[in-house]
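# Residue-level structural notes
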Amino acid sequence: MIPVNEPKLGEKEVEYVMECLRTGWISSAGKYIEEFERCWAEYCEMPQAIAVSNGTVALEAAVACIDLQPGDEVIMPAFTIISCALAVVEHGGVPVLVDSDPDTWCMDVDQIAPKITPRTRAIMPVHIYGHPVDMDPIRALADMHGLLIIEDAAEAHGAEYKGRRCGGLGDISCFSFYANKIVTTGEGGMILARDEVLAEKLRAYRNLCFRPERRFYHTDLGRNYRMTNIQAAIGLAQVREIESHLVHKRWMAEAYNNNLKELSQLQLPVEKAWARNVYWMYGLVIDESTGMDAVEFARRLREYKVETRPFFLGMHEQPVFHKRGLFLEEHYPIAERIARQGLYLPSGLTLTEEQLDAVCRAIKVLFLA
Ligand SMILES: Cc1ncc(COP(=O)(O)O)c(C=O)c1O
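Described in the following lines is the structure provided in the data block. (Residues numbered from 1 in each chain as written. Predicted model: local features only at pLDDT ≥ 70, side-chain atom pairs only at ≥ 80, totals over all residues. Heavy atoms only, no water.)

### Some details on the packing of helix 1 (residues 11-23) against helix 7 (residues 229-239)
Each pair of packed helices can be summarised by the angle the axes make with each other and by the distance between the axes. Quick note on the threshold: Here an angle of 0 to 180 degrees is reported between the N-to-C directions of two axes, which are lines fitted to C-alpha atoms, with helices fitted over the stretch in contact. Only runs of H or I of at least four residues qualify as helices and only runs of E of at least two qualify as strands under DSSP, and these elements are numbered from the N terminus. Just so you know how the angles are binned, under 35 degrees is roughly parallel, over 145 roughly antiparallel, 65 to 115 roughly perpendicular, and the rest oblique. We call a crossing left-handed when the near helix sits turned anticlockwise from the far one by less than a right angle, and right-handed when that turn is clockwise. The contact criterion used throughout is that any non-hydrogen atoms of two residues lie within 4.5 Å. Polar here means any residue other than Ala, Val, Leu, Ile, Met, Phe, Trp, Tyr, Cys and Pro, which are nonpolar, and Asp, Glu, Lys and Arg, which are charged; Gly is therefore polar.
Two elements in contact, helix 1 and helix 7, have axes whose closest approach is 8 Å; the angle formed by their N-to-C orientations is 155°. Between helix 1 and helix 7, the crossing angle belongs to the class labelled roughly antiparallel. Helix 1 and helix 7 meet at a crossing whose hand is right-handed. Of helix 7, the residues touching helix 1 (which contributes Lys12, Glu13, Tyr16, Val17, Cys20 and Leu21) are Asn229, Ile230, Ala233, Ile234, Leu236, Ala237 and Gln238. Its residues assigned to classes, the contact of helix 1 with helix 7 comprises 9 nonpolar, 2 polar and 2 charged.

Below, the structure is given as structure tokens:
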């Protein structure tokens with residue numbers, strides 16, 4: 001089976017992890033945490049970094065620390081991972097959805113303004129599969145209405161919007177370092193913040209809101225979202241290799257594009273003039289005229305030993321939210337279509353030319369037969 005993803009780990013990762021083990025710095029204190037935070041903040045040009053245990057809790061902590069009140073609204077794409085909506089719902093807030101741009105699959109920024117109400121507190125753009133969201137209109141709306149921007153850059157390590165790195169464009173940004181991400185720590189996440197006071201709040205929240213002057217006395221409820229020094233050691237080694245990871249993703253995207261562009265049944269990923277797409281995952285949307293949806297396409301590719309993953313299912317199509325009375329009767333046609341017709345191909349950092357050729361051959365056999 002050609003795997004949809006595999007992490008790429010090298011000797012530096014082994015060396016740094018071994019150092020943690022040899023020195024006993026295996027928990028959440030240690031030099032790698034600080035160094036990883038410093039490097040990631042610098043890479044994204046944000047002043048404050050808080051390493052956490054995964055991307056889902058990064059979003060939850062971000063929402064918790066802006067003091068979202070019950071009934072407050074956060075505007076986000078329908079087409080995203082549940083972590084975004086979960087973070088808001090957990091704090092009594094209301095996720096307000098917008099549809100996707102049909103080309104980039106990111107949130108359609110033209111649909112945001114009509115959704116702003118007096119209860120709107122924040123906008124949560126999500127850079128989907130490595131392509132940046134069109135951020136300037138979001139910044140303009142946020143400034144006009146006094147809203148915060150919580151960027152979800154989990155899938156867009158190293159991506160750029162008008163020459164600026166994703167994760168450095170909002171007020172707060174959240175990352176995942178899960179094993180399939182461009183930079184991984186196995187499980188892990190990071191929050192970057194512009195504001196120092198907010199960053200201190202996030203640091204306290206990550207660590208059960210212990211107080212420095214009186215440890216077991218609490219004035220706020222926090223969580224244990226700490227990252228370990230071992231995870232940060234892997235992360236630091238990975239950050240030092242990020243440029244080579246990005247080169248591999250671009251090679252992959254160009255090779256898939258060249259091989260598949262003649263197939264009119266497939267919509268391929270784009271790169272807008274203002275964007276640097278990092279092609280975290282190489283997604284495809286299959287035309288309905290083929291008589292196939294993504295489930296059937298994935299099943300057929302599996303017969304050729306090609307593993308794929310389906311696209312996200314929109315938040316408005318999730319029974320768990322319907323049970324809570326959310327998004328009933330809401331429709332987002334683009335998100336619905338790409339959820340049914342979209343999947344991504346093997347896109348890992350260890351993908352070889354032979355594997356990529358085999359994937360393309362399988363697709364061509366399916367469509368040209
Ligand atoms: C856009 C996005 N946000 C958040 C997350 C959550 O990250 P994690 O799996 O580390 O909890 C993911 C996970 O892949 C993601 O793709």
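### Focus on the site of the ligand
Let me state the cut-off plainly: Any residue with a heavy atom positioned within 4 Å of a molecule or strand is treated as near that molecule or strand. Pairing of N or O atoms within 3.5 Å defines a polar contact, subject to two protein rules: one partner must be a possible hydrogen donor and the other a possible acceptor, and residues neighboring in sequence count only if both atoms are side-chain atoms. Throughout, the Shrake-Rupley method with a 1.4 Å probe supplies accessible areas, and for residues the shown protein chains are the sole cover considered.
Taken together, 13 residues are adjacent to the ligand, and Thr56, Asp152, Glu155, Ser176 and Lys181 come closest. A distance of 2.6 Å separates an oxygen atom of the ligand from a polar atom in the side chain of Thr56. Separating an oxygen atom of the ligand from a side-chain N or O atom of Ser176 is a distance of 2.7 Å. Against a free-state accessible area of 390 Å², the protein chains account for coverage of 90% of the ligand.

### Digging into the packing of aromatic side chains
Just so we agree on the cut-off: Stacked, edge-to-face and tilted labels apply to pairs of Phe, Tyr and Trp rings (six-membered ring for Trp) whose centres lie within 6.5 Å, assigned for plane angles under 30 degrees, over 60, and everything in between, in that order. Per-residue accessibility, obtained with a 1.4 Å probe over protein chains only, is compared with the maximum for each type, and a residue is labelled buried under 20%, exposed over 50%, and partly exposed between these values.
For the structure on display, the rule yields 22 aromatic pairs. Ring plane angle 65° and centroid distance 5.5 Å describe the contact between Tyr129 and Tyr344, whose orientation is recorded as edge-to-face. In this pair, Tyr129 is assigned in the loop between strand 4 (120-123) and helix 5 (135-145) and Tyr344 in strand 14 (residues 342-344), connecting sequence segments 215 residues apart. With respect to class, Tyr129 is no different from Tyr344; both count as buried. Connected via pairs of aromatic rings, a cluster forms that spans Phe79, Trp105, Tyr129, Trp280, Phe311, Phe312 and Tyr344.

### Quick notes on helix 1
Quick reminder of the rule: The span you would expect from a helix comes to 1.5 Å times its residue count less one. Each C-beta atom gives one direction from the helix axis, and the arc is the one those directions make.
In this model, helix 1 (13 residues) spans 18 Å end to end at C-alpha, consistent with the 18 Å of a helix rising 1.5 Å per residue. Of all the positions in helix 1, only Glu13, Tyr16, Val17 and Cys20 are classed as buried. Along helix 1, the residues classed as buried sweep out an arc of 95° about the axis, all on the same side. Residues of helix 1 that are exposed and angled more than 90 degrees away from the buried face: Glu11, Glu15 and Arg22. Contacts from the buried residues of helix 1 go to helix 2 (31-44) and helix 7. Of the residues flanking the end of helix 1, it is Gly24, one or two places downstream, whose phi is positive at about 85°.

### A closer look at the sheet that holds strand 9 (residues 189-193)
Spelled out, the test is: Two strands pair if DSSP finds at least two bridges between them.
One open sheet accounts for 7 strands, arranged 1-9-8-5-4-2-3; its pairing is mixed. Edge positions in the sheet fall to strand 1 (48-52) and strand 3 (94-98), since each of these pairs with one other strand and no more. Shown here is a sheet whose adjacent strand axes are inclined to one another by a mean of 25°, direction ignored. Relative to strand 3, strand 2 (residues 73-77) runs parallel, the two being bridged by 5 bridges. When the sheet's bridge partners are listed, Pro77 is paired in strand 3 with Val98. Across the sheet, helix 5 lies against strand 4 and strand 5 (148-152), angled at about 150° from strand 5, the strand it touches most.

### Observations concerning unusual backbone geometry
In the Ramachandran plot, Glu45 falls in the positive-phi region, its phi being about 55° despite a non-glycine side chain. Looking at where Glu45 falls in the secondary structure, it is placed in the loop between helix 2 and strand 1. Unlike most non-glycine residues, Trp105 shows phi in positive territory, near 70°. Its location among the elements puts Trp105 in the loop between strand 3 and strand 4.

### Thoughts on empty space enclosed by the protein
Empty pockets left among the atoms are what a rolling probe the size of a water molecule brings to light. Cut-off, in case you're wondering: In this analysis a 1.4 Å probe is tested at points of a 1 Å grid over the protein atoms alone, and where it fits but cannot get out there is a cavity; an open set with protein on both sides within 12 Å along at least five of seven lines is a pocket; lining residues have an atom within 4 Å of a point. Grid points are joined across faces, edges and corners, and a volume is the space filled by probe spheres set on the points.
Inspection of the entire model under this criterion finds 2 cavities of 30 Å³ or more. Put simply, the largest cavity is a space of about 70 Å³. Tallied by class, the residues present in the lining of the largest cavity amount to 7 nonpolar, 4 polar and 1 charged. The space that makes up the second largest cavity amounts to roughly 40 Å³. As for the second largest cavity, its lining consists of Ile2, Pro3, Asn5, Glu6, Gly348, Thr350, Leu351 and Gln355. Residues of the lining of the second largest cavity, tallied by class, amount to 3 nonpolar, 4 polar and 1 charged.

### Thoughts on the pairing of strand 12 (residues 283-286)
Neither face of strand 12 is open: one carries Gly283 and Val285, the other Leu284 and Ile286, and all of them are buried. Here strand 10 (residues 266-267) pairs with strand 12 via 2 bridges, running antiparallel. Bridge pairing in strand 12 links Gln267 to Val285. The pairing of strand 12 with strand 14 spans 3 bridges and is classified as antiparallel.

### Some details on helix 3 (residues 55-65)
The element helix 3 is extensively covered by neighbouring structure, given that 10 of its 11 residues are classed as buried. Taken as a whole, helix 3 has its buried residues at Gly55, Val57, Ala58, Leu59, Glu60, Ala61, Ala62, Val63, Ala64 and Cys65. As for helix 3, its buried residues are in contact with strand 1, helix 4 (82-89), strand 5, strand 8 (172-176), strand 9 and helix 6 (196-206). Of the residues that open helix 3, the one with a side-chain oxygen 3.0 Å from the backbone nitrogen of Thr56 is Asn54. Within two residues after helix 3, Asp67 carries a phi angle of roughly 60°, on the positive side.

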